[in-house]
2 protein chains.
Amino acid sequence: MKTTGVSIIGVGMTKFGEHWSKGLRDLMAEAGVKAILDSGVDGPDIDAIYGGSMSPGRLIGQEHIGALIADQSGLNPIPATRVEAACASGGLALREATLSIMSGQNDIVIAGGVEKMMDVQTPQAITTLGGAADMEWETSFGATFPSLYALIARRHMYEFGTTEEQMAAVAVKNHRNACLNEFSQYCMNLTVEDVMNSGVVAEPLKLLDCSPLTDGAAAVILAKDDVAKKYCDTPIKILAGAQASDTLALHDREDLSRLRATTHAANAVYKDTGLSPSDIDIAEVHDCFTIAEIVAIEDLGFFKKGEGGKATEDGLTQRNSQISVNTSGGLKACGHPVGATGIKQAVELTWQLRGDAGKRQVKCQYGLAHNVGGSGATAVVHILGR
Amino acid sequence: MKTTGVSIIGVGMTKFGEHWSKGLRDLMAEAGVKAILDSGVDGPDIDAIYGGSMSPGRLIGQEHIGALIADQSGLNPIPATRVEAACASGGLALREATLSIMSGQNDIVIAGGVEKMMDVQTPQAITTLGGAADMEWETSFGATFPSLYALIARRHMYEFGTTEEQMAAVAVKNHRNACLNEFSQYCMNLTVEDVMNSGVVAEPLKLLDCSPLTDGAAAVILAKDDVAKKYCDTPIKILAGAQASDTLALHDREDLSRLRATTHAANAVYKDTGLSPSDIDIAEVHDCFTIAEIVAIEDLGFFKKGEGGKATEDGLTQRNSQISVNTSGGLKACGHPVGATGIKQAVELTWQLRGDAGKRQVKCQYGLAHNVGGSGATAVVHILGR
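Residues numbered from 1 in each chain as written. Chains lettered and ligands numbered in written order. Predicted model: local features only at pLDDT ≥ 70, side-chain atom pairs only at ≥ 80, totals over all residues. Heavy atoms only, no water.

Asks: Quick one: what's the story with the overall build of chain A, residue by residue and with numbers?
Replies: Within chain A, the secondary structure is distributed over 14 helices and 12 strands. Computed over the C-alpha atoms, the radius of gyration of chain A is 19 Å, within 12% of the 21 Å expected from 2.2 N^0.38 for a compact globule of 386 residues. Along the first, second and third principal axes, the C-alpha set of chain A runs to 55 × 45 × 40 Å. With an accessible surface of roughly 12200 Å², chain A has 49% of that area assigned to carbon and sulfur atoms. When the 33 basic and 46 acidic side-chain charges of chain A are each reduced to a single mean position, those positions are 4 Å apart. (Helix = DSSP H or I, 4+ residues; strand = E, 2+ residues; numbered from the N terminus. Rg over C-alpha atoms; globule rule 2.2 N^0.38 Å. Areas by Shrake-Rupley, 256 points an atom, 1.4 Å probe, with all protein chains shown as cover. Lys, Arg positive; Asp, Glu negative; His and termini not counted. Charge placed at Lys NZ, Arg CZ, Asp CG, Glu CD.)

In structure tokens:
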């Protein structure tokens, strides 16, 4: 199989949640040190840093996050780059770090993601997240992310008969998975009724359909395949990665019930690897809202368009079923520190593919990570394998 | 000579200045379209976008700038990536775009930079720029960028006897060069006395020692060398590029009178190309303050450490002298829309190396671009050649 020639040789993450006593730099350093220790590389072996973060400027008054990571980790003077594509910033850091190794410039690279979201009042966090959508044509008229995804949900319900109960089933599954993950924010044993009875945020989405605000960081150490072998008996190969873009504003799209950026990126990684959706055993998908997981598992080809809700309700996305989706708990229940999410997906898949996922371990050979920015203006998809 | 294998085949920029009737997306599109037309490529030929922008979240409420560029340019669904390293965001976009071609994933890439700084009140712009320094240990205690560079200036004066008049000579030269550049913000025929008599901002730096707030955008089209030949008779080769990091906070450095990140990046590009500083005919260096140009021309090896002030005073950095420095007018006089600056440097060098620089044309074969983030926590250096 053609691969990128790059492997993951170490992973680490902080607990996702409300870290009142830790700042962005503490979280970032904690995740980075864990990944470095896990990999066995020495600081001086690292050639470059890529860090994903969406809005540290608005959330904590700090830009220049790449250099900050190098500084805090004692890794100066290596190149340190921040990338941003809203909630897909983490996935993008992984992608750019991979490309930098493929370019021949680097052998070992650390890719991290971080967001510190709890240091501002909730309305300010909501406004900040609005910067992922079209500020001039959506958020300045009052649209928020729950309301944008509510439009997607409404359209999906209209076209395919998807029900609110099916969306609730996503939350039930992901919060249950989160109970088996020590790093998750919200372990909750919910019923569909609990979700249905939670407060309405933007009809038809209720509180328990929405991912939370979260502090957290995650990091992975990447190495060129032949270098990886020196450090690691169980390197996890990045078989393929792809990124695609779409309009920022929902109203500029032909179709609200699918994300074209996801489809484009997914097609590219399937083509590169020769794998098909049915070959994928485990997927971390971008469930910022429950409807987003339903749309994602369709757009990624795991289920036919319109059948994602029913499949979820029927338990086909539970652990060790047809495909294990969001074993970490997903954004919904593991938490969603936006810049960290794409890297956390790679951390979870690495643990699963290595067989290190403890109580939530599933049987798997190929894993897929799917990270979305905004309402779908960016999608980044990776396929990992042993 | 070993090169990156990547060339610049088209360039474009907006006028730098106060664009009260144009938003970030207008500026970005204008620069991008100019670069595309200049290159002769068709939209569908472009494989990816890299955009540098420092703080669009705080300045205009919009993140997700990569996707926004793709959207506004009608270039969906290609990958679109924003990179950020404060005022070095533009240079970093050029570097990452180059690496993406070197990785084999792309043949033709657009690298752009943009910042819209005039839509907020000046104090808010100053605070936003403070996000490039160490928020927890510098800016939260009241440090601003003029005050940080004032510390650098004081130390340089103490160690080497550099004078305020020598710093003023940088401003005089750059504002004179700006008069020959239709895209510049401040054409001014200044004398050293004018600079000396301007209001003190942070001793010893006066108003005319400081670069301005600016709106603007710039873009370059990059292509793999063998593809470049199909579109362009005068491709400008990216001979080498390098990026380095240093501590965010000035007080963590061993030495205030040099920027180690510059030295590291410069050494890398000289080593890669086999060129020495004396081979460079023209340089666009990061003169966010007049002292910064003096420090830069020393750190880049054009003059011995401590002799940059005297060299400037003696006219050795004027057009067609020992080395032509900041023929565009530099950040100081052409203007400094922070995310755009690093790309503008490449635009100016391309025009000069092609022989298209009109009244400010200098004789040149090799050009160097030097872009700094913050007070030196990031430096990106490129060498271009015909």
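Asks: Could you give me a rundown of the interface of chain B and chain A, with the residues and numbers involved?
Replies: If you look at the interface, chain B gives 54 residues, while chain A gives 54 residues. In this structure, the connection of chain B to chain A is made through 6 salt bridges. The tally of links between chain B and chain A comes to 42 residue pairs in polar contact (both at pLDDT 80 or more). For the side of chain B that touches chain A, the secondary structure elements donating two or more residues are α2 (56–60), α3 (65–72), β3 (80–84), α4 (89–102) and β8 (236–245) of chain B. A per-element tally of the side of chain B that touches chain A places α4(B) first, with 6 residues. When the residues that make up the side of chain B that touches chain A are grouped by side-chain class, the tally is 25 nonpolar, 18 polar and 11 charged. (Contact = heavy atoms within 4.5 Å. Salt bridge = Lys/Arg side-chain N within 4 Å of Asp/Glu carboxyl O. Polar contact = N/O pair within 3.5 Å; in protein donor to acceptor, adjacent residues only side chain to side chain. Nonpolar A, V, L, I, M, F, W, Y, C, P; charged D, E, K, R; others polar.)

Asks: Talk me through the packing of helix α6 (residues 145–160) of chain A against helix α11 (residues 290–299) of chain A; I want residue IDs and the actual numbers.
Replies: Residues and elements named next belong to chain A. The N-to-C vectors of α6 and α11 enclose an angle of 60°; their axes lie 9 Å apart at closest approach. The angle between α6 and α11 places the two elements in the oblique class. The crossing of α6 and α11 is left-handed. Counting all contacts with α6, which are made through Y149, I152, A153 and H156, the residues of α11 involved are I291, A292, I294, V295 and E298. Here the residues of the contact of α6 with α11 sort into 7 nonpolar, 1 polar and 1 charged. (Axes fitted to C-alpha atoms, helices over the stretch in contact; angles between N-to-C directions. Parallel < 35°, antiparallel > 145°, perpendicular 65-115°, else oblique. Left-handed = near helix turned anticlockwise from the far one by under 90°.)

Asks: A description of the side chain of A:Q62 should follow, citing residues and the corresponding values.
Replies: As for its position among the elements, A:Q62 is in the loop between α2 (56–60) and α3 (65–72). A polar atom in the side chain of A:Q62 sits 3.5 Å from the side chain of A:R25. At a separation of 2.8 Å, a polar atom in the side chain of A:Q62 contacts the main-chain carbonyl oxygen of B:A133. If sequence neighbours within four positions are ignored, A:Q62 has contacts with A:R25, A:P56, A:G57, A:L68, B:G131, B:A133, B:D134, B:M135, B:E136 and B:L248.

Asks: Can you explain helix α7 (residues 164–178) of chain A? Please cite residues and give values.
Replies: Helix length check: α7(A) (15 residues) gives 21 Å between terminal C-alpha atoms against 21 Å at 1.5 Å per residue, within 8%. Burial analysis of α7(A) places 12 of its 15 residues in the buried class, which makes it a mostly covered element. (Expected span 1.5 Å × (residues − 1). Buried < 20%, exposed > 50% of the residue type's maximum accessible area, 1.4 Å probe, protein only.)

Asks: Please provide a residue-by-residue account of the relation of the copies chain B and chain A, values included.
Replies: Between chain B and chain A, the superposition needs a rotation of 180° and an axial shift of 0.0 Å, giving an RMSD of 0.0 Å. Here the transformation between the copies is reduced to the relation of a two-fold axis. When C-alpha positions in chain B are compared against the rotation axis, the closest is assigned to B:S103, at 1.8 Å. A shared binding surface is used by both copies, with 100% of the interface residues of chain B retained as interface residues in chain A. (Least-squares fit on C-alpha atoms with pLDDT ≥ 70 in both.)

Asks: Go over α6(A), please, and point to the residues and values.
Replies: Residues and elements named next belong to chain A. A rise of 1.5 Å per residue sets the reference length of α6, with its 16 residues, at 22 Å; its end C-alpha atoms lie 22 Å apart and thus fit the reference within 8%. All buried positions along α6 are accounted for by F145, P146, L148, Y149, A150, I152, A153, H156 and M157. Among the structural elements, α5 (122–129), α7, β5 (200–202), β6 (205–206), α11 and β11 (366–373) are those in contact with the buried residues of α6. Two residues or fewer after α6 comes G161, characterised by a positive phi angle close to 75°.

Asks: Residue-level account of the packing of aromatic side chains, with values.
Replies: A full pass over the atoms with the stated rule returns 6 aromatic pairs over all chains. In this structure an aromatic cluster arises from ring pairing among A:F145, A:Y149 and A:F289. (Phe/Tyr/Trp six-rings, centres within 6.5 Å; stacked < 30°, edge-to-face > 60°.)

Asks: Lay out a negative patch on the surface with the relevant residues and their values.
Replies: Residues A:E165, A:E193, A:D194 and A:E313 make up a contiguous surface patch of negative charge. Within the fold, A:E313 resides in helix α12 (residues 308–313). (Patch = residues over 30% accessible without salt bridge, like charges linked within 9 Å, V, L, I, M, F, W, Y side chains within 5 Å.)

Asks: Which residues make up the pairing of strand β4 (residues 108–115) of chain A, and what are the values?
Replies: All names here are of chain A. Most of β4 is tucked away: 8 of the 8 residues are buried. Across the two faces of β4 the burial is the same, with I108, I110, G112 and V114 and V109, A111, G113 and E115 all buried. As judged from the 8 bridges shared by β4 and strand β7 (residues 216–224), these two strands associate in the antiparallel manner. Counted as the bridge partner of A111 is V220 from β7. (Pairing = 2+ DSSP bridges.)

Asks: So what's going on with the pairing of β3(B)? Which residues, and what values?
Replies: Summarising burial for β3(B): 5 of the 5 residues are buried, a large majority. Residue alternation in β3(B) divides its side chains into two sets, B:A80, B:R82 and B:E84 and B:T81 and B:V83, and both sets are buried. Pairing analysis gives 3 bridges linking strand β3 (residues 80–84) of chain A to β3(B), with the strands arranged antiparallel. Within the sheet, the bridge partner assigned to A:E84 lies in β3(B) and is B:R82. Two elements, strand β2 (residues 48–52) of chain B and β3(B), share 4 bridges in a ladder whose sense is parallel. Residue B:I49 lies in a different strand from β3(B), and its bridge partner there is B:A80.

Asks: Let's hear about the pattern of salt bridges: which residues, and what values?
Replies: Per the counting criterion, the structure on display carries 50 salt bridges over all chains. Note that B:K2 is salt-bridged to B:D272, the shortest N-O span being 3.6 Å. Here B:D272 lies in helix α10 (residues 260–273) and B:K2 lies in the segment before β1 (6–13), a separation of 270 residues in the sequence. For B:K305, the salt bridge is made with B:D299, and the minimal N-O distance between the two is 2.9 Å. A network of salt bridges, in which partner residues are shared, links A:D246, A:R253, A:E254 and A:R260.

Asks: If you had to explain the nonpolar core to someone new, which residues and values would you point to?
Replies: Nonpolar side chains in soluble globular proteins tend to end up buried together. By size, the foremost hydrophobic cluster in this structure holds 78 residues, and its most contacted members are A:I8, A:V220, A:L222, B:I8, B:V220 and B:L222. Residues contacting A:L222, with those up to four places away along its chain left out, are A:V6, A:S7, A:I8, A:L94, A:A97, A:T98, A:I101, A:D107, A:I108, A:V109 and A:I238. (Core = buried A, V, L, I, M, F, W, Y, C linked by side-chain atoms within 4.5 Å.)

Asks: Account for the state of the cysteines, naming residues and giving values.
Replies: Enumeration according to the criterion identifies 2 disulfides over all chains in this entry. Note on cysteine connectivity: A:C179 is disulfide-linked to A:C187, with sulfurs 2.1 Å apart. Residues A:C179 and A:C187 are joined through a disulfide that is right-handed, its torsion about the S-S bond being 90°. The structure places no disulfide on B:C334, whose sulfur is separated from the nearest cysteine sulfur, that of B:C179, by 12 Å. (Disulfide = S-S within 2.5 Å.)

Asks: Give a detailed account of unusual backbone geometry, specifying residues and quantitative values.
Replies: Between B:N76 and the following residue, B:P77, the backbone shows a cis peptide bond with an omega angle of 10°. Topologically, B:P77 is positioned in the loop between α3 and β3. Across the junction of B:E203 and B:P204, the peptide omega takes the value 5°, indicating a cis bond. Relative to the assigned elements, B:P204 resides in the loop between β5 (200–202) and β6 (205–206). A positive phi is found at A:H64, a non-glycine position, where the angle reads about 65°. You can see A:H64 is positioned in the loop between α2 and α3. The phi dihedral of A:N326 falls on the positive side, at around 55°, and the residue is not glycine. The topology assignment puts A:N326 in the loop between β10 (324–325) and α13 (330–334).

Structural measurements only, silent on function.
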